[in-house]
Amino acid sequence: MTQNIHPLLLCGGSGTRLWPLSRKSYPKQFATLTGEESLFQASALRLSGEGFAAPMIITGSDFRFIVLEQLAAVETASAATLIEPEGRNTAPAILAAALVLEAQTPGALMLIAPSDHVIPEADQFREAVLAAVPAAEAGQLVTFGIRPDRAETGYGWLAMSEKPTADFAPVPQPLKGFVEKPDEAKAQALLAGGEHLWNAGIFLFSTSVIISAFEKYEPAMLATVRQAVDGAEKDLGFIRLAPGPWADLEDISIDYAVMEKADNLTVIPYGGVWSDLGGWDAVWRESGPDATGVVTNGPATSIDCTDTLLRAEAESQQLVGIGLSDVIVVAMPDAVLVAHKDRAQDVKKAVAALKAKGAVQAETLPRDYRPWGWYESLVVGNRFQVKRIHVHPGAALSLQSHHHRSEHWIVVEGTAKVTVDDEVNLVTENQSVYIPLGAVHRMENPGKVPMVLIEVQTGSYLGEDDIIRYEDVYARGQGAKG
């Protein structure tokens, strides 16, 4: 191999099919679903090591600090993190990253990978990627096809020119074409024929080749994305793409924009385990059901159940299933899902129904993650709210004030450095401080261990957008999250 491979981790999406664990405020790639790391962390680790450069990330503004924190937790870092002003599907995201990388390293090899897939055999997958390098260096757009083990209707398929080898070796061959998500009968035929693979949405190509493909097939998109990249602004370590041009872009996948039109396509068969965790049935399948087909996570107990997933996410819960068969139960502190396993793909309908009735649970977790830590609401009333706030060691909230609420802080773990107008004090465990309405204030954690406090808010309006920021180490603007 003559050059490093530059991974691009696609880190957007809302993951509605894994509600209530995955929500718009904290989508599935950041959750720990099947292992010790989140899907995003596992993806970053899988695409690292010899032959791989540090990954590029493209994500939304609300997730930029989650990305940094999760990468730091597995002792890695990104080469660049691009911030999309709004989601526009994979084609504009990939093109923007290609333009940025091309400016830095002309002709670099770029590996496109969603950050929410499960690929447990990392070494085997890296071998498949390395096997694709000669084709990519020769100007091919390489896609990776997954060995199918069932007649799946939820994926698009790839038509091969010939059947893969018996051992499913990662031997490149010309791609014959793409197949849209099939119905059951067609999926059965594709599986039986042995010449089709699942489309994983993973690609390898050089920056110059993919940019040329956009110039040929989507010249208007190329011009607009180039404007968004040229007008990008640095924000701490992030690259914020210009929102004006970005808003004009079509919402379109890389498959529709380029791949299905191109004639320089190569496919690499991949025979290892793979899942996009596209529903709770996939989580059940990839979690290794026991002899009765039962998977339990957290404080969950199964009594005489078969082929069932029981998942409890809060330590204070006890989830018990009795005599269940082919059922999914996921219990969160603020929402519970109960569904037949065959209806796993319909969970997104529940999200739509909840959004229609104005339920905050449709998109927002009770725990809200911020660059300094997180908070969760414990009790909410008409004119009061009680929160638990967790601040990382060395972290600090913005210097701020509120128009509509006062606050009372009680430290329960660690030590807080508290600023109220011109007065600064250290507040230790079992001590409290009052923040009057309108006072300019800040809390910091000067210690080496997490600091936890209970906050009691009282006032006529308790929304998170009642924040005026004066100083912020994370360079956030005004608004709920900045």
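Cut-offs and rules
Each chain has its residues counted from 1, following the order in which its sequence is written. Residues qualify for local features only when their pLDDT is at least 70, as the model is predicted, and side-chain atom pairs are given and counted only at 80 or more; totals for whole chains, interfaces and linings, by contrast, use all residues. Heavy atoms from the whole structure form the basis of all side-chain values; hydrogens and water molecules are not counted. Segments assigned H or I by DSSP are reported as helices when at least four residues long, segments assigned E as strands when at least two residues long, and all are numbered from the N terminus. Think of it in three bands: with a 1.4 Å probe and only protein chains considered, a residue is buried below 20% of the maximum accessible area for its type, exposed above 50%, and partly exposed in between. Each polar contact in these results corresponds to two N or O atoms within 3.5 Å; when the atoms are within protein, one needs to be able to donate a hydrogen and the other to accept it, and residues that are neighboring in sequence are counted only if both atoms are side-chain atoms. Contact definition: two residues touch when any of their heavy atoms are within 4.5 Å. UniProt positions are given in the numbering used here, feature names are shortened, and annotations may be inferred rather than shown by experiment. Angles run from 0 to 180 degrees between N-to-C directions of axes, and those axes are lines fitted to C-alpha atoms, restricted for helices to the stretch in contact. Roughly parallel means an angle under 35 degrees; roughly antiparallel, over 145; roughly perpendicular, 65 to 115; everything else is oblique. Note on convention: near helix rotated counterclockwise from far helix by under a right angle means a left-handed crossing. Clockwise means right-handed. At least two DSSP bridges between two strands are required for those strands to pair.

**Student:** Can you walk me through the side chain of T81 in this structure?
**Tutor:** In this structure, T81 sits in strand β3 (residues 80-84). Relative accessible area serves as the criterion here: at 1%, T81 is assigned to the buried category. Reaching out from T81, the side chain makes a polar contact with the side chain of S78 at a distance of 2.9 Å. Here T81 is in contact with I57, T59, F238 and I239, once residues within four sequence places are set aside.

**Student:** Is there a simple way to think about the UniProt feature "domain: Nucleotidyl transferase" (unreviewed entry) in the protein chain in this case?
**Tutor:** This chain's UniProt record puts "domain: Nucleotidyl transferase" (unreviewed entry) on residues 7-286. The straight-line gap between the two end C-alpha atoms of residues 7-286 is 25 Å; of that span, 35% is helix and 22% is strand.

**Student:** Explanation requested: the packing of helix α1 (residues 39-46) against helix α2 (residues 64-73) in the structure shown.
**Tutor:** Helix-helix packing: each pair is described by the crossing angle between the helix axes and the interaxial distance. Two numbers describe how α1 lies on α2: the axes approach to 10 Å, and their chain directions differ by 60°. Between α1 and α2, the angle falls in the class oblique. Here α1 runs over α2; the crossing is right-handed. Between α1, through F40, Q41 and A44, and α2, the contact on the second element is made entirely by V67, Q70, L71 and A73.

**Student:** Hey, could you run me through the sheet that holds strand β18 (residues 367-370) in this one?
**Tutor:** Note on sheets: strands pair through backbone hydrogen bonds, and any given pair is parallel or antiparallel. Pairing is antiparallel across the open sheet formed by 6 strands, whose spatial order is β18-β19-β20-β27-β22-β25. Sheet topology places β18 and β25 (432-435) at the edges, where each strand pairs with a single neighbour. This sheet shows a mean twist of 20° between the axes of neighbouring strands, independent of strand direction. Pairing of strand β22 (residues 405-413) with strand β27 (residues 451-459), which is carried by 8 bridges, proceeds in the antiparallel orientation. What sits directly across from S406, in β27, is T458.

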